[in-house]
Number of protein chains: 2
Amino acid sequence: MPSGEFDLIARYFTRPTRRQPLGVGDDCALLAPQAGMHLAVSSDMLVEGRHFLSTVAPEHLGHKALAVNLSDLAACGAQPMAYTLALALPRMDATFLAGFAQGLHRLADEHGIELVGGDTTAGPLNICITVFGEVPRGQALLRSGARAGDDIWVSGQLGDARLGLEALRGTVALSKADFIHARKALECPTPRVALGLALRGVASSAMDLSDGLVGDLRHILARSASHAPIRATLHIDALPRSNALRRQSRTRQHLCLMSGGDDYELLFTAEPAKRAQVLAAAAQSDTPVSCIGRMEAATTTTTPNEALIRVLDAQGMTLSTPWTSFDHFTA
Amino acid sequence: MPSGEFDLIARYFTRPTRRQPLGVGDDCALLAPQAGMHLAVSSDMLVEGRHFLSTVAPEHLGHKALAVNLSDLAACGAQPMAYTLALALPRMDATFLAGFAQGLHRLADEHGIELVGGDTTAGPLNICITVFGEVPRGQALLRSGARAGDDIWVSGQLGDARLGLEALRGTVALSKADFIHARKALECPTPRVALGLALRGVASSAMDLSDGLVGDLRHILARSASHAPIRATLHIDALPRSNALRRQSRTRQHLCLMSGGDDYELLFTAEPAKRAQVLAAAAQSDTPVSCIGRMEAATTTTTPNEALIRVLDAQGMTLSTPWTSFDHFTA
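Just so you know, these numbers come straight off a predicted model, no measurement behind them. (Residues numbered from 1 in each chain as written. Chains lettered and ligands numbered in written order. Predicted model: local features only at pLDDT ≥ 70, side-chain atom pairs only at ≥ 80, totals over all residues. Heavy atoms only, no water.)

(A) View of the overall build of chain A. When its secondary structure is counted, chain A shows eleven helices and eleven strands. For chain A, restricting intrachain contacts to residue pairs at least 6 apart in sequence, the fraction spanning at least 24 positions comes to 85%. When the accessible area of chain A is evaluated, it comes to approximately 12300 Å², of which 51% is carbon and sulfur surface. (Helix = DSSP H or I, 4+ residues; strand = E, 2+ residues; numbered from the N terminus. Contact = heavy atoms within 4.5 Å. Areas by Shrake-Rupley, 256 points an atom, 1.4 Å probe, with all protein chains shown as cover.)

See the structure below:
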């Protein structure tokens, strides 16, 4: 008589493990990394009311829980291998679990990865996924490699997820088509795995945008500063945005673009000499990219934060930058 | 200006990474498995009210959250390498975090492993740790290797954690000394990592006891049955127990021993010809072990569950076995 916990795991989450030596059902899963590879690992925890709303469809939640983790592998330039899932559920709900598992498995299949282990327990809804990827030693894309003179790039379009969140919160009214578009951006982000792989050896630094452009760019500046202090200049009109976002006021556009959160696009830097290679990587991975600014030498590492990121308008005037990063504790 | 989330991670959980190529602070951590090694991975999620009570000291909670994961590596015979932590907190509480981090780091240091990544968010208290270990290819201890004729062994003593839980719930009154002993078993389990390593090539199967002996033994029976159906005979008086537990009624003793939960001892099997090797592994790892019964051939894989585990008393009489596994959804 399997306990409820084991029964639940078996019913929705056990599938045959083909690529890794041992999957769900033993004390540990076993992974077989190839010789010469580093194993890239990332964990993200999603909490109801913080990372998703109770209104999200279970399939979309399953998709997003894995997507945000794959996005971390993408930011490292790692090839996804496998993942584990730990899940706390207020009650066993077959409809929820069937949908959640469907969204999860579909995205996992798209990336050729499998669920190798995990844990299920009772508790307030909480989803913790850990992903594993491989990257050749010395080739991982890091946050710390940005240098003065580098171009600053982003993939896709920014700000739609935040627009979708605001619409669901009732703070902005959208047309039906714009609402569908923005909600999809929020609930079904596309992890930029193929772009991350194509940027190995091309990008000087990379990370994924989860807390908004301004906050995440600061992480690249901070970690790269141990080499030499740098600051960033961005061109507000160069920030890629959807028609749905363009229909909003400039104030709202800028908020969503600069501190939107939940974009799951790649933010990366590359030497100007590598522009053609960046565009080739974008074409090869079928992912749009936009150059949004440039890194410059800063005079000191103790520059006040506000001056580390300058945002210019079309006339070259500096915008005031009241934006902060999207903080899941306070937003 | 780091957001609260990043500040929190930095303050309590960022320590220099010495053994792995990249630790906390980038999108992914990087691990460098040695050639010829499989990577063993396990995730466990701890929820307040299910896996710990709100009265637990933060240091003990930090210890236990990592200990239950290390116990899974022990059950596989894997050498611990690193771990990630995902933490949902109702609020930022420096006292809690300082104590929690202290308990976590102390146990990590004992095993020479380091925190390489993670995630912190607001939400109902939830701790999800993923551990990574190495095991030479083909040498992992699995649940599926038990064979008819094998001895059944456990490490340490069983049932004290459940006794401690019952005392904290107020369903049993203990002397002060017995309460301290039982509470320590519940809150500060010792993962049997050294024993797991010493049992490579000796044990035919292994797992760690988290849901109680009867439920966990069923997992070994079920997974080993794909080779040939087996059943287990246990000797109730051979089950190792503390003096604190001996002072309880036989009914309570048997409940705690058979379906206690949270023991985090190793349950393993080995051929009778390997008894001396088992005892040598126990001595080498300074871990007591007890032989508690034997595996026998079963006639069919469809035997009703009740008959799969027979429990005998000192006179060789079969005890009725009303015990179920400890289920965190219902217990």
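(B) Quick peek at the sheet that holds strand β1 (residues 29-31) of chain B. Spatially, five strands are ordered β4(A)-β3(A)-β5(A)-β2(A)-β1(B) in an open sheet, and the strand pairing comes out mixed. Here the strands that pair on one side only, and so sit at the sheet edges, are β4 (114-122) of chain A together with β1 of chain B. For this sheet, the mean inter-axis angle between neighbouring strands, taken without regard to orientation, is 20 degrees. The pairing of strand β3 (residues 79-89) of chain A with β4 of chain A spans eight bridges and is classified as parallel. For Leu85 of chain A, the partnering residue across the bridge sits in β4 of chain A and is Gly118 of chain A. (Pairing = 2+ DSSP bridges. Axes fitted to C-alpha atoms, helices over the stretch in contact; angles between N-to-C directions.)

(C) Region of interest: helix α7 (residues 213-224) of chain B. Residues and elements named next belong to chain B. Helix length check: α7 (twelve residues) gives 16 Å between terminal C-alpha atoms against 16 Å at 1.5 Å per residue, within 8%. Within α7, ten of the twelve residues are buried, leaving the element largely enclosed by the surrounding structure. Here α7 has its buried residues at Leu213, Val214, Gly215, Asp216, Leu217, Arg218, His219, Ile220, Leu221 and Ser224. (Expected span 1.5 Å × (residues − 1). Buried < 20%, exposed > 50% of the residue type's maximum accessible area, 1.4 Å probe, protein only.)

(D) Representation of unusual backbone geometry. Backbone geometry at Tyr264 of chain A places phi at a positive 55 degrees, although glycine is not the residue there. A residue is classified by how much of its surface remains accessible, and Tyr264 of chain A, at 7% relative accessible area, is buried. Positioned with a positive phi, Asp286 of chain B is a non-glycine residue whose angle comes to about 55 degrees.

(E) Broad picture of the packing of aromatic side chains. Residue and element names in this part refer to chain A. Evaluation of the coordinates by the stated rule reveals five aromatic pairs over all chains. Consider the rings of Phe96 and Phe100, whose centres lie 5.6 Å apart with planes at 20 degrees: the pair is stacked. Of this pair, Phe96 and Phe100 both sit in helix α3 (residues 94-110), four residues apart, which is roughly one turn of the helix. The same class applies to Phe96 and to Phe100, which are both buried. Look at Trp153 and Phe268: their rings are 6.2 Å apart centre to centre, the planes differ by 5 degrees, and that puts the pair in the stacked class. Here Trp153, found in strand β6 (residues 151-155), pairs with Phe268, found in strand β9 (residues 266-270); they are 115 residues apart in sequence, far enough to count as distant. Comparing Trp153 with Phe268 shows no difference in burial state: the two are buried. (Phe/Tyr/Trp six-rings, centres within 6.5 Å; stacked < 30°, edge-to-face > 60°.)

(F) Region of interest: the UniProt feature "binding site: substrate" (unreviewed entry) in chain A. Residues and elements named next belong to chain A. Those residues carrying the UniProt feature "binding site: substrate" (unreviewed entry) are His51, Asp262 and Phe326 in this numbering. Structurally, Asp262 is set in the loop between α9 (250-259) and β9. Of note is the side chain of Asp262, whose polar atom sits 2.9 Å from the side chain of Lys64. (UniProt positions renumbered as here; feature names shortened; annotations may be inferred. Polar contact = N/O pair within 3.5 Å; in protein donor to acceptor, adjacent residues only side chain to side chain.)

(G) Structural context of the UniProt feature "binding site: Mg(2+) 4" (unreviewed entry) in chain A. What UniProt calls "binding site: Mg(2+) 4" (unreviewed entry) maps, in this numbering, to Asp27, Ser42 and Asp72 of chain A. Under the relative-accessibility criterion, Asp27 of chain A is labelled buried at 5%. Asp27 of chain A has contacts with Ser42, Asp72, Ala75, Arg143, Ala206, Met207 and Asp208 of chain B, leaving out every residue within four places of it along the chain. Inspection of the secondary structure puts Ser42 of chain A in strand β2 (residues 37-47). If near-sequence neighbours (up to four positions away) are discounted, Ser42 of chain A is found in contact with Asn69, Asp72, Ile129, Thr130 and Val131 of chain A together with Asp27 and Cys28 of chain B.

(H) Region of interest: the sheet that holds strand β10 (residues 289-297) of chain B. Residues and elements named next belong to chain B. One open sheet holds the six strands; their spatial order is β7-β9-β6-β10-β8-β11, and the pairing between them is mixed. At either margin of the open sheet sits one strand with a lone partner, and together these are β7 (205-208) and β11 (309-312). Averaged over all pairs of adjacent strands, the angle between their axes in this sheet comes to 25 degrees, without regard to strand direction. Where strand β6 (residues 151-155) lies against strand β9 (residues 266-270), four bridges are found, and the strand directions are antiparallel. Across the sheet, residue Ile152 finds its bridge partner in β9, namely Thr269.

(I) Focus on the environment of Asn69 of chain A. Residue and element names in this part refer to chain A. Looking at the element boundaries, Asn69 is found in helix α2 (residues 58-76). For Asn69, a relative accessible area of 0% translates into the label buried. Each C-alpha atom of the pair Asn69 and Phe132 lies 9.3 Å from the other, and the pair is 63 residues apart in sequence. Setting aside residues no more than four positions away along its own chain, Asn69 makes contact with Ser42, Ser43, Asp44, Ile129 and Val131. At 3.1 Å, the side chain of Asn69 and the backbone nitrogen of Asp44 are in polar contact. Reaching out from Asn69, the side chain makes a polar contact with the backbone oxygen of Ala65 at a distance of 2.9 Å.

(J) Region of the structure containing the environment of Leu39 of chain A. Relative to the assigned elements, Leu39 of chain A resides in strand β2. For Leu39 of chain A, the contacting residues outside a window of four places in its chain are Pro33, Met81, Phe132 and Gly133 of chain A together with Ala29, Leu30, Leu31, Pro33 and Leu39 of chain B.

(K) Fine view of the pattern of salt bridges. Residue and element names in this part refer to chain A. Counted under the stated rule, the structure contains 24 salt bridges over all chains. Arg169 is the partner of Glu166 in a salt bridge, and the nearest nitrogen-oxygen pair spans 3.9 Å. Residue Glu166 and its partner Arg169 are located together in helix α4 (residues 160-169), separated by three residues, close to a single helical turn. Take Glu166: its relative accessible area is 9%, and that puts it in the buried class. (Salt bridge = Lys/Arg side-chain N within 4 Å of Asp/Glu carboxyl O.)

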